[in-house]
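# Structure assessment
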Amino acid sequence: MSVLIKGGRVVTASDDYVADVFVDGERVSLIGESLELDADRVIDARGKYLLPGCVDPHTHLDMPFGGTTTIDDVESGQTAAAFGGTTCHVDFCIQGKGQTFADALAIWHEKAAGKQLIDMGYHIAVTDLSGEGALEELARLPDQGVTSYKLFMAYKGALMVDDETLFRTMEVAAKTGALVMVHAENGDAIDVLVKQALAAGHTEPRWHALTRPPETEGEATNRAIQLARVAGSPLYVVHVSCKESVEPIAAARAKGWEVWGETCTQYFFIDDTFLERPNFEGAKYVYTPPPRDKANQDVLWDAVRTGVLSAISTDHCAFSWDGQKSLGRDDFSKIPNGGPGLENRLQMIHHFGVREGRITLNRMVELLATSPARLFGLYPRKGTLAVGSDADIVVFDPEKRVTISAANHHSRIDYNLYEGTEVVGSPEVVLLRGHVLLEGGELVASPGIGQYVARAKFGQELTGTGRAVPA
Ligand code: URP
Ligand code: ZN
Ligand code: ZN
């Protein structure tokens with residue numbers, strides 16, 4: 001199968017030019033002016049952007065958490081992703097206590113079997129290193145394409161690890177070429193604050209934010225940075241939400257330390273007042289770290305513009321309001337933590353980031369595709385539009401008007417964080433390795449087309465022998 005895409009504006013992290021793109025099989029084989037080639041399919045992209053398929057480095061599909069399981073499985077989550085121009089993501093495979101990493105990965109591969117619409121890899125979430133041979137098994141994972149270790153410094157009594165587990169994992173990563181990822185919040189302090197709030201009779205959703213103050217995120221971010229420095233491992237801080245966490249990342253990066261940070265779409269748009277919405281509506285915004293005060297939104301835009309933060313993910317962790325969030329109707333600590341967003345990241349960041357002048361188009365591509373691909377061992381097969389790259393291409397109509405709503409999104413969740421938001425700019429055609437996934441507002445591919453991607457070790461390219469220098 002060959003595809004010729006004519007006259008689009010090719011936008012990568014560094015370039016912006018009008019060209020024709022020829023796809024032969026699954027890879028981009030030629031980019032040039034006025035290509036006259038026979039192709040099975042010709043797409044007219046005049047007036048459209050040609051973007052590399054977006055890469056989401058942070059999702060939770062079909063994940064047991066908070067007494068329930070996220071409502072999007074691999075098929076529904078990846079359908080939402082495809083509609084949003086995301087063609088590859090890295091999901092979290094969670095090690096159960098006492099479980100081997102191999103067993104955890106087998107379960108996660110089984111969840112995806114036959115359901116994949118886009119490409120995906122796994123991070124391993126380490127929860128327990130007490131098993132015999134656990135450290136050795138962890139050390140072998142990068143050779144199997146699982147090249148990032150995630151640790152939760154919060155969720156006491158559930159996923160949280162102690163500093164010994166965190167530090168030992170960092171030591172393994174320093175030797176094996178894995179990137180350490182942390183959910184940085186001080187889980188012990190938060191646990192005390194939650195117990196005190198409940199004892200005082202505070203049960204409403206807004207207490208989710210009041211018991212997780214920004215300082216608890218800042219403290220854990222700084223602790224992780226210092227420990228990674230001692231262990232000699234690279235570090236990636238997920239879902240950075242506030243100044244208290246941005247500052248230690250900025251300081252570490254200014255010193256040239258191997259530290260990167262990500263924020264998520266929702267932190268630019270949802271503030272802590274959303275949690276106060278009446279009739280339990282606030283529960284829709286119970287995710288962790290919590291929505292912060294509005295001033296932090298400018299801090300985050302500055303951080304992504306200036307390179308202090310390197311990626312924007314979604315942390316898609318969808319729980320329906322009716323039936324799942326409602327588990328915590330009488331106790332905010334029982335509301336499953338997580339929000340949706342896989343489908344709307346590109347639309348929201350394009351409209352409010354690029355169109356409103358906060359970041360450039362090139363920087364948007366870098367934040368949503370190139371940097372995540374580089375950091376997580378997917379580049380240059382993913383994350384850019386170049387000869388030899390996978391033909392994961394978004395034909396993006398920069399003038400298309402869309403009203404974001406649960407009524408038209410593709411996730412199974414019963415609400416949308418950005419309900420009613422009008423944006424200009426949306427994917428029109430999406431290709432995955434040369435196969436058309438989406439066109440005319442319809443999904444035209446079937447589950448099974450997506451593949452598992454064994455990722456390269458930290459700092460290395462997925463193809464060839466080059467070094468992917470992370471942003
Ligand atoms: O609330 C959130 N973010 N849920 C997903 C798990 C995590 O902490 O990333
Ligand atoms: Zn987290
Ligand atoms: Zn998450």
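Counting restarts for each chain, with residues numbered from 1 along the sequence as it is written. Chains and ligands are labelled by the order in which they are written, letters from A for the one and numbers from 1 for the other. The predicted nature of this model means local features are confined to residues of pLDDT at least 70 and side-chain atom pairs, given and counted, to a pLDDT of 80 or more, with totals for whole chains, interfaces and linings taken over all residues. No hydrogens and no water enter the side-chain calculation; it runs on all heavy atoms of the structure.

Only nitrogen, oxygen and sulfur atoms qualify as donors, and only when within 2.8 Å of the metal (3.2 Å in the case of Na, K and Ca); with water excluded, sites may look incomplete. Note on the zinc ion (ligand 2): its protein donors are His-183 (ND1) and His-239 (NE2). The metal-donor distances range over 2.0 Å. For the zinc ion (ligand 2), the four donor atoms are set out with angles of 57 to 151° between them, so the coordination reads as irregular. A separation of 4.0 Å is found between the zinc ion (ligand 2) and the zinc ion (ligand 3). Linking His-183 in strand β12 (residues 179-183) with His-239 in the loop between β13 (235-237) and α8 (243-254), this pair joins segments that are 56 residues apart in sequence. Burial classes: relative accessible area under 20% of the type maximum marks a residue as buried, over 50% as exposed, and values in between as partly exposed (1.4 Å probe, protein chains only). For His-183, a relative accessible area of 0% translates into the label buried. Here the metal geometry follows the donor angles, with tetrahedral for four donors whose angles all fall between 85 and 135 degrees, square planar for four and octahedral for six when opposite donors are more than 155 degrees apart and every other angle is between 65 and 115, and irregular for all the rest. Here a strand is any run of E in DSSP of at least two residues, a helix any run of H or I of at least four, and the numbering for each starts at the N terminus.

Strands sit in the order β6-β9-β10-β11-β12-β13-β14-β15 across an open sheet of eight strands; the sheet is parallel. Among the strands making up the open sheet, the edge pair consists of β6 (54-59) and β15 (311-313). Each strand axis lies, on average, 30° off the axis of its neighbour in the sheet, ignoring direction. Whether two strands pair comes down to DSSP finding at least two bridges between them. Sheet topology places strand β9 (residues 86-94) next to strand β10 (residues 119-125); seven bridges connect them, and they run parallel. Directly across from Cys-88, in β10, lies its bridge partner Asp-119. Note on contacts: a residue pair is in contact if any heavy atoms of the two residues lie within 4.5 Å. Angles shown run from 0 to 180 degrees and are taken between the N-to-C directions of axes, each axis being a line fitted to C-alpha atoms and, for helices, limited to the stretch in contact. Packed onto the sheet, helix α2 (residues 101-112) meets β9 and β10 and runs at close to 150° relative to β10.

Here β12 lies mainly inside the structure; five of its five residues are buried. With burial as the criterion, each face of β12 is covered, one bearing Leu-179, Met-181 and His-183 and the other bearing Val-180 and Val-182. Relative to β12, strand β11 (residues 148-152) runs parallel, the two being bridged by five bridges. Each residue of the ladder has a partner; that of Tyr-149, found in β12, is Val-180. Handedness of the β-α-β unit built from β11, helix α4 (residues 163-176) and β12 comes out right-handed. Relative to β13, β12 runs parallel, the two sharing three bridges. Residue pairing for β13: Val-180 is matched across the bridge by Leu-235. Crossovers are marked right-handed if the path from the first strand over the helix to the second runs clockwise, as seen with the strands pointing away from the viewer.

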